[in-house]
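# A structural walkthrough
Below are the chains, spelled out letter by letter.
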Amino acid sequence: MTAETETAAPTAEFGRARLRKEDERLITGQTNWTDNIRLPGMLHIAFLRSP
Amino acid sequence: VAEVTVSVDGVKYSDHVEPRLLLVHYLREVVGKTGTPVGCDTSNCGACTVLLNGESVKSCAVLAVQADGAEVTTIEGMATDGGLHPLQQAFHEEHALQCGYCTPGMIIAASDLLRENPHPSDEEIRDGLEGNLCRCTGYENIVRAVRRAAQAGASA
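A quick note: this is a predicted structure, and the numbers were derived from the prediction, not measured.

Along chain A, the regular secondary structure elements total one helix and zero strands. Of the roughly 5,200 Å² of accessible surface on chain A, a fraction of 57% belongs to carbon and sulfur atoms.

Shown next as structure tokens:
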């Protein structure tokens, strides 16, 4: 049996690199990381475990 | 309590701070520049890298009082009215980020690298960014992005 492999011509989606839509906020420092969030009365928790 | 006057991304701030306050916490909590993330808190990862008088520093390893009188540039100050900085554009086009947490530090550190060496080899790029960790394993594309930005004249 002969396996035939052909590279299909690029279509609107397949075979093309897509630029990400979420990059702008990530490369300009505008992402709201959870570490940035401050809520009224927000509490913090820390776990101290024995080694 | 000490008084510091710092220019951050072109805006002057004067604040009273505790002498032990780290620059990264000053930027994030006092100035409100949360674009600079805290990665490891131990100066390993480089996510919090900013420019201090034009030189890249890990802002978790600098005290706010050490920045008194200095100019600080964060990732939030890289884009201008003319648009994205060439490094920001190149990171986007070369898919040099996934989660983006290391990206501010990568871009800032790369800008200092290109200032010192406008046309680095791939090896020099890797050497120059060795203090910045990416856990999405995006190094290959990061090197590509820095190379692309260098070709676009990012050091200018």
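This brings us to the packing of aromatic side chains. Enumeration over the complete set of coordinates arrives at one aromatic pair over all chains. Ring geometry for Trp33 of chain A against Tyr101 of chain B: centres 4.7 Å apart, planes inclined by 75°, an arrangement best described as edge-to-face. Of the two residues, Trp33 of chain A sits in the segment after α1 (23-27) while Tyr101 of chain B sits in the loop between α2 (86-93) and α3 (103-116), which places them in two different chains. Classification of Trp33 of chain A by relative accessible area gives buried; the value is 18%.

Looking now at the pattern of salt bridges. All told, the structure shown has 11 salt bridges over all chains when counted by the stated rule. For Asp23 of chain A, the salt bridge is made with Arg20 of chain A, and the minimal N-O distance between the two is 2.7 Å. Its salt-bridge partner being Glu93 of chain B, residue Arg148 of chain B comes within 2.8 Å of it at the nearest N-O pair. Of this pair, Arg148 of chain B sits in helix α5 (residues 139-151) while Glu93 of chain B sits in helix α2; the two residues are 55 residues apart in sequence, bridging distant segments of the chain. Look at Arg148 of chain B and you get partly exposed, because its relative accessible area is 33%.

All right, on to a nonpolar patch on the surface then. Residues and elements named next belong to chain A. On the surface, Ile37, Leu39 and Met42 cluster together to form a nonpolar patch covering roughly 240 Å² of accessible area. Here Ile37 lies in the segment after α1. The exposure class of Ile37 is partly exposed, given its relative accessible area of 31%.

Okay, the layout of surface pockets next. All names here are of chain B. Computed from the structure, the largest pocket encloses a volume of approximately 150 Å³. Counting only elements with at least two residues in the lining of the largest pocket, the list comes to β4 (55-58) and α3. The dominant element in the lining of the largest pocket, judged by the number of residues it contributes, is α3, at four residues. Tallied by class, residues from the lining of the largest pocket come to three nonpolar, six polar and three charged.

Here we come to the interface of chain A and chain B. In this assembly, 13 residues from chain A lie in contact with 22 residues from chain B. Where chain A abuts chain B, roughly 1,500 Å² becomes buried across the two surfaces, and 55% of that area is made up of carbon and sulfur atoms. For Asp35 of chain A, the salt bridge is made with Arg28 of chain B, and the minimal N-O distance between the two is 3.4 Å. Along the contact surface separating chain A from chain B lie six residue pairs in polar contact (both at pLDDT 80 or more). Class assignment of the residues belonging to the side of chain A that touches chain B gives a composition of four nonpolar, four polar and five charged.

The term disulfide refers to a covalent linkage connecting the sulfur atoms of a pair of cysteines. Residues and elements named next belong to chain B. Under the definition given, this model contains zero disulfides over all chains. Just so you know, Cys102 is unpaired, no disulfide at all, and the nearest cysteine sulfur is the one on Cys134, 4.0 Å from it. Among the cysteines around Cys136, which has no disulfide bond, Cys99 carries the closest sulfur, lying 3.8 Å off.

Glancing now at empty space enclosed by the protein. For the structure shown, the criterion picks out one cavity of 30 Å³ or more. Taken as a whole, the largest cavity spans an internal volume of roughly 40 Å³. The residue inventory of the lining of the largest cavity, partitioned by class, reads three nonpolar, six polar and one charged.

With that settled, the discussion passes to the packing of α2 of chain B against α5 of chain B. Residues and elements named next belong to chain B. Contact geometry of α2 with α5 gives a least axis separation of 8 Å together with a crossing angle of 135°. Judged on the interaxial angle alone, α5 and α2 are oblique. The two elements α2 and α5 meet at a crossing, and its hand is right-handed. Of the residues in α5, those touching α2 at Pro86, Leu87, Ala90, Phe91 and Glu93 are Ile142, Ala145, Val146, Arg148 and Ala149. Split by residue class, the contact of α2 with α5 holds eight nonpolar, no polar and two charged.

Basis of the calculations
- Residues numbered from 1 in each chain as written.
- Chains lettered and ligands numbered in written order.
- Predicted model: local features only at pLDDT ≥ 70, side-chain atom pairs only at ≥ 80, totals over all residues.
- Heavy atoms only, no water.
- Helix = DSSP H or I, 4+ residues; strand = E, 2+ residues; numbered from the N terminus.
- Areas by Shrake-Rupley, 256 points an atom, 1.4 Å probe, with all protein chains shown as cover.
- Phe/Tyr/Trp six-rings, centres within 6.5 Å; stacked < 30°, edge-to-face > 60°.
- Buried < 20%, exposed > 50% of the residue type's maximum accessible area, 1.4 Å probe, protein only.
- Salt bridge = Lys/Arg side-chain N within 4 Å of Asp/Glu carboxyl O.
- Patch = residues over 30% accessible without salt bridge, like charges linked within 9 Å, V, L, I, M, F, W, Y side chains within 5 Å.
- 1 Å grid on protein atoms, 1.4 Å probe; cavity = no way out; pocket = protein on both sides within 12 Å on 5 of 7 lines; lining within 4 Å.
- Points joined across faces, edges and corners; volume = space filled by probe spheres on them.
- Nonpolar A, V, L, I, M, F, W, Y, C, P; charged D, E, K, R; others polar.
- Contact = heavy atoms within 4.5 Å.
- Buried area = accessible area lost by both parts, 1.4 Å probe.
- Polar contact = N/O pair within 3.5 Å; in protein donor to acceptor, adjacent residues only side chain to side chain.
- Disulfide = S-S within 2.5 Å.
- Axes fitted to C-alpha atoms, helices over the stretch in contact; angles between N-to-C directions.
- Parallel < 35°, antiparallel > 145°, perpendicular 65-115°, else oblique.
- Left-handed = near helix turned anticlockwise from the far one by under 90°.

So yeah, pure geometry; function would need other evidence.
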